[in-house]
Each structure stands twice: as structure tokens, then as C-alpha cells.
Amino acid sequence: NQTVSTETITAAAEIALGTPLAQVDTQAASRRLAAVPGIARGDVAVAAPDKVTIRVTERAVAFVIAVEGGGFAWIDPAGLAFGRSADRPEGVPLAVVSNPNDQQLMADVATVAGALPARLTEKVRQVTAQTRDSIVVETVAGTQIVWGSTDSSTIKGQLADALAGAQPKCGKIDVSSPTHPTTHC
């Protein structure tokens, strides 16, 4: 477990030590686990004579947003906030969104963040999203990568990486129309 402690998982499952296996409601325990903010999925199984197995899939941090009063909220690939930290996690893109309560917009930003190749992600200063169709990735070197919508995000990520690598001093790379990418150097 990286973000959710074993103690939290055990407490959320609510299976008392010594409970007969026939009385363990594995589906209810799995639902309780999935309700924990840092857990995407919980699976509980029993095996005779006395074994209860709990497996969890923790939520992944797709990006973070700055929160009022300081710190960062962690956003998962579905666009849901599930954790906080005082510091920005290393290697995780920062996003600035027009409406953090718009889950679809947040999910779209997560799609873009997930489509960025690793070596480009390392260079991202922030991802900005005014609308679902106007997502822009800004690198630490000041290059703006105009992404547009999430359509063809995998191809856009590959194009952005290739163009940024081929022309590292470009001020603007536009992959919003991946069949006709442009650079403004």
C-alpha cells in the first residue's frame, strides 16, 4: 500500500477477528473498501479453513490542483479528488481548471495528463483547461502545447513529444488537430 495504510484498510473492511468465514459478507466488505477515498477497488475473498484475503487497488494520482489555503488536491483518472498533500507530489502535473467542480472537465485533464509520454511529463509546468475543448499544456521551458479536446489524445501525446524533441525552442506547438500539427518557433 502506498497511500492507504493497512490499518485503514482493515478498519474499513469491518471484519472482526474470529468471525466465522460463513458470516463474512465479502460483497459488503468490498463496498466499504471502495468507499475509502484512496481506494479505487476493494476485493475480499474467504478460503477455508480460516483465511480472509483483502486486495485493494489504490487510486492513481493523474494530476493535482492547488487548493485554497495551501496544499494540493490529488485527482484520479476519473476526475475525482481523493487526497491532499502539503507539497506537490514529484512527477505529477499541476492543473489549473476553470471549474474544479466539473468532473468531466477534470476527467478530460486526467486523460491529457495520462497521454503525455514520461519524458514530456517531467517537463510539464502545468496543464490549463478553460473548457473541455481548450486544454493547454505548458512546459517549464515556456512552450505552450495546444491540445484542444481529448480526442486522439494518445496520438497528440506522441506528436507533442516528437515536436518538442525536434524543436525544443518552439514557443508553441499545436496538436489540437493531430492530422495537421503546427509549430510556432
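Above this text sits the structure in question.
Residues numbered from 1 in each chain as written. Predicted model: local features only at pLDDT ≥ 70, side-chain atom pairs only at ≥ 80, totals over all residues. Heavy atoms only, no water.

Undergrad: Explain helix H5 (residues 153-166) to me, using residue names and the numbers behind them.
TA: An ideal rise of 1.5 Å per residue puts 20 Å on 14 residues; H5 measures up with 20 Å between its terminal C-alpha atoms. Ser153, Lys156, Gly157, Ala160 and Asp161 are the residues of H5 that are buried. Considered in projection along H5, the buried side chains sweep an arc of 130 degrees and stay on one side of the axis. Exposed residues on H5 whose side chains face more than 90 degrees from its buried face are Thr154, Gln158, Gly165 and Ala166. (Helix = DSSP H or I, 4+ residues; strand = E, 2+ residues; numbered from the N terminus. Expected span 1.5 Å × (residues − 1). Buried < 20%, exposed > 50% of the residue type's maximum accessible area, 1.4 Å probe, protein only. Arc of directions from axis to C-beta.)

Undergrad: How would you explain the pairing of strand S8 (residues 135-139) if you had to name every residue and give the values?
TA: As a general feature of sheets, a regular strand has side chains that alternate between the two faces. Among the 5 residues that make up S8, 4 are buried, leaving the element largely enclosed by the rest of the structure. Examined bridge by bridge, strand S7 (residues 124-129) and S8 share 5 bridges and lie antiparallel to one another. When the bridges of S8 are listed, Val124 appears paired with Thr139. Where S7 folds back on S8, the antiparallel hairpin that results is connected by 5 residues. Across 4 bridges, the pairing between S8 and strand S9 (residues 144-148) is antiparallel. Bridge assignment links Val136 to a residue of S9, and that residue is Val146. Connecting S8 to the antiparallel partner S9 that follows it, the hairpin turn spans 4 residues, and Gly142 within it adopts a positive phi of roughly 95 degrees. (Pairing = 2+ DSSP bridges.)

Undergrad: Run through the pattern of salt bridges, naming residues and quoting values.
TA: The final tally for this structure, using the stated rule, is 6 salt bridges. Among the salt bridges present, the one from Asp43 reaches Arg41, with a minimum N-O distance of 2.9 Å. On the basis of relative accessibility, which here comes to 31%, the residue Asp43 falls in the partly exposed class. Of the charged contacts in the structure, one is a salt bridge between Glu138 and Arg125, with a shortest N-O distance of 3.0 Å. One end of the pair, Glu138, is in strand S8; the other, Arg125, is in strand S7, with 13 residues separating them in the sequence. (Salt bridge = Lys/Arg side-chain N within 4 Å of Asp/Glu carboxyl O.)

Undergrad: Please set out the packing of aromatic side chains residue by residue, giving values where relevant.
TA: Taken as a whole, this structure holds 1 aromatic pair when the rule is applied. Look at Trp74 and Phe82: their rings are 5.7 Å apart centre to centre, the planes differ by 70 degrees, and that puts the pair in the edge-to-face class. In this structure Phe82 comes out as buried when scored by relative accessible area, which is 10%. (Phe/Tyr/Trp six-rings, centres within 6.5 Å; stacked < 30°, edge-to-face > 60°.)

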